[in-house]
Structure formats: C-alpha cells, structure tokens
Amino acid sequence: MAKVNPEFATELTKYGVGDFNACFNCGNCTATCALSTNDSSFPREMIRYTTLGLEDELRSSLKPWECYYCGECSQECPRQANPGELMMTLRRWLTAQYDWTGLSGLLYRSLMFTIAALLLVAAGVFLFARSTGFDAETMLHTGHRFEMLAIGAVFVAIFIPNLLRMWYFTIVKNGVKAPLKHYFTALSELFVHMFTQKRAKDCDNKDNFRWLEHFVLVLSYLSLLFTTVFLNWFGTGSLFIIVLGYVESFLIFVVTTHFVSDRIKKNKALNTFSQPSDWLFVIWLLLMGLTAFAVRLFIDLQLLENNLWMYIIHLTVLAQWALIIVPFGKWTHFLYRSFGLYFAKIKSMQKPA
Ligand code: SF4
Ligand code: SF4
C-alpha cells in the first residue's frame, strides 16, 4: 500500500513556489504538454501525487526530468496551479533526495546557508592566495591543479554515489529488472540528450532559439572546461588554443547575459518564479565566462603580474562554482536529466509482464 506523507506538500514549498492545491484535476496541462505521451503522462499525475503526499512514488519517478519547462501547461491551467513550476520544484527536491551528503537540500532550502558556503569558499581562496605570498606563477599553477582535482573529486565523491542512489530509487525500487545489455543499448540515449537536449525542441512552441542558446551554452561550457583544464589555456603559448578559449568564454558571457536579462524581465514562463538557485547558476556561469576572458586578456597584455586581484576573483568564482554549484546546485539538473531520460529508456525496453 502506498505510504502517505501529509506534510509532503508543505515540505515541497521550501524548494519553490506551489499553488498546486488549486488544481481541480481537469487534465488540461497534460493535454497541452507536447512531451507528455500515453506511456509517460505528466504533469497532472505529479500534481496528484504531490497533493496526496505520495512521496515514495515521486522519489521513484523519472517524469520531472522529462519536462523542459516550456511553461505551456501553466499558461493553459484554468486554476493558475502552475504545473510547470511544480515540475521544476520537484526537480530541485529530487536533486536533494539523490544527494547523499544532504548539502543540496540545505542549499535549496536556506539562502543563509548558501551565502555562508560562498563566503567560506571565498575566504579559503583568499587564505590560499596569501599563503603563496600573492605570487602569480604559484597561484596559476595551483589554480590549474585545483581544477583537475576538483573535477575528479566531485565525480568520485558526489556524482557517482548520487547517480547510484538515483538508479536505486528509480530502477531498483520500481522493480525494473533490466539485463545488462539494455544499459549498453540505451547508452546513445544518454549522450544524445546530454549534448543536444533534443527533446527541448519539441517543447516551447517549437522555440528553436531557446534550444539553440542552450546548445551553444552547453558546448561552450564543456569546451572551455576542456580548454582550461586539459589544454592549459592560461599557460599555453599556442595561438589556436588562446583564440579558442576567448571564443568559448565570450559565447558563455553572451548567452548567460541574455538569460539573466530574461530572468529580470520575467518574459517567459520559466523565468516567472526564479529561486536563489536559479540566479546563482546563471550569474556564476556569466562570471565564469567574464573572469576567464579577463584573466587571459590580462596575461596577453602582460598586466596580470601587477593586477593579481583579477586572478583571485576568477579563482574565487571558479572554486565556488566547482565546490558548491556544480556538485549541489542547479548544474546537477544537466546530469540528472540526461540520466533520467537514459533510465526511462531502459525502463521502456522492458517487456510487459
Ligand atoms: S494543474 Fe491546472 S490544468 Fe492541470 S489538472 Fe490541475 S487544474 Fe487542470
Ligand atoms: S512545462 Fe512544458 S514540458 Fe513541462 S510539463 Fe509543462 S508543458 Fe510539459
């Protein structure tokens, strides 16, 4: 028998806004959603589960990851129950459920905790800079090593265990007994969704510009990561790599500036209810592009040695991004959505009993 948590709806509101109690179950939202299918129907079912407090069913559901937040369901809802925002709120809550450390939930629920964590990391960077005697060469060298170490540590200590928890909740607890070959057969689904987000093209009134912006951002971000970490952008003398890094960081800056401007204007459904985690993600990504571009420019103009504050700012933004936003914040949606669609594909490959 399904377990009911009567406090669930109250708990969920800590992760976003929710007027879902206004829902009278008409089904308009599901009929409107371009991504909802007979086999995987949402968002009405998610609203029903939420109002009934069916926490376990929600924890084992992959449907919140199938939503790309075009907001059409919210526009069509006759009761202003905001089903699109509920799906977003569920994604935040699920992120906290998958995270074994509990930090993700704390960051989503408490702005004070988020600010304290950001300040703590900033203080750590300053103390590190002071310990080097503000020596540019040592700082650049250690900063580069930090990037590599942070990527490895976050993958091993956070992402792998959290993805295993996600797999346990959504596959094992759902009684899905998929043979190993299905995990290999469905792998293409994982990478296609991760790098192209192609389902988003069916959302948003076929607004391909939004999809294109996301696509450019994901590509620019991943390639800048590769350029700085593996091609040592700040230390290289190769003109090709230098120009490549400038182009990547410039594109990140342009797209994220547009995203910030949309959030300020609230001109789209997905920007109507921005939470601190949404602002943090987009602003820090913008700062990453901007400060990385500025540091390389200072190096090329031979200004960095006497203006180390620029590198300290960049390193602070980078450390906050790598230690807080990537492992515990909104960045994880990129990862969990891709795995959500991968697991959904594996489930769909099961023969009906
Ligand atoms: S959320 Fe709105 S559109 Fe969807 S079932 Fe409820 S009342 Fe109807
Ligand atoms: S926001 Fe868009 S994709 Fe998400 S449930 Fe609503 S209509 Fe579907």
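Everything in this summary refers to the structure shown in the same document. What you see is a predicted model, and the numbers here were worked out from it, not measured in a lab. (Residues numbered from 1 in each chain as written. Chains lettered and ligands numbered in written order. Predicted model: local features only at pLDDT ≥ 70, side-chain atom pairs only at ≥ 80, totals over all residues.)

Our next topic: the overall build of the protein. A tally of regular secondary structure across the protein gives 17 helices and zero strands. At 21 Å, the protein has a C-alpha radius of gyration in line with the 20 Å of a compact globule built from 353 residues. By principal-axis analysis of the C-alpha atoms, the protein measures approximately 65 × 45 × 35 Å. Residue burial in the protein is summarised as follows: out of 353 residues, 38% are buried. Within the protein, contacts between residues at least 6 apart in sequence are counted, and of these 74% link residues at least 24 apart. (Helix = DSSP H or I, 4+ residues; strand = E, 2+ residues; numbered from the N terminus. Rg over C-alpha atoms; globule rule 2.2 N^0.38 Å. Buried ≥ 20, exposed ≤ 12 C-beta atoms within 10 Å, placed from the backbone. Contact = placed C-beta atoms within 7 Å.)

Right, let's get into the environment of leucine 224. By the secondary structure assignment, leucine 224 is in helix 13 (residues 208–229). Along the sequence, leucine 224 and methionine 112 sit 112 residues apart, while their C-alpha atoms lie 31 Å from each other. Not counting chain neighbours up to four residues away, the residues in contact with leucine 224 comprise Gly245, Glu248, Ser249, Ile252 and Ala292.

Take the site of ligand 2 next. Inspection of the region around ligand 2 gives 16 residues, with Cys33, Cys67, Cys70, Cys73 and Gly84 positioned closest. Only helix 6 (72–76) and helix 7 (83–98) provide two or more residues apiece to the shell around ligand 2. Here the element with the most residues in the shell around ligand 2 is helix 7; it accounts for three residues. Among the residues forming the shell around ligand 2, the class breakdown is twelve nonpolar, three polar and one charged. (Near = placed C-beta within 6 Å. Nonpolar A, V, L, I, M, F, W, Y, C, P; charged D, E, K, R; others polar.)

Another point: the nonpolar core. Counting 80 residues, the largest nonpolar core has Ile252, Trp284, Met288, Trp321 and Ile325 as its most contacted members. Two domains each provide a minimum of three residues to this core, namely domain 1 (8–98) and domain 2 (103–348). For isoleucine 252, the residues in contact, after removing those within four places along its chain, are Leu217, Ser220, Tyr221, Leu224, Leu285, Met288 and Gly289. (Core = buried A, V, L, I, M, F, W, Y, C linked by C-beta atoms within 7 Å. Domains from an automatic or database assignment.)

Take the site of ligand 1 next. Ligand 1 sits among 14 residues. The nearest are Cys23, Cys26, Asn28, Cys29 and Cys77. Residue assignment for the shell around ligand 1 shows that the elements contributing at least two residues are helix 2 (28–32) and helix 3 (44–52). Its residues placed into classes, the shell around ligand 1 shows nine nonpolar, three polar and two charged.

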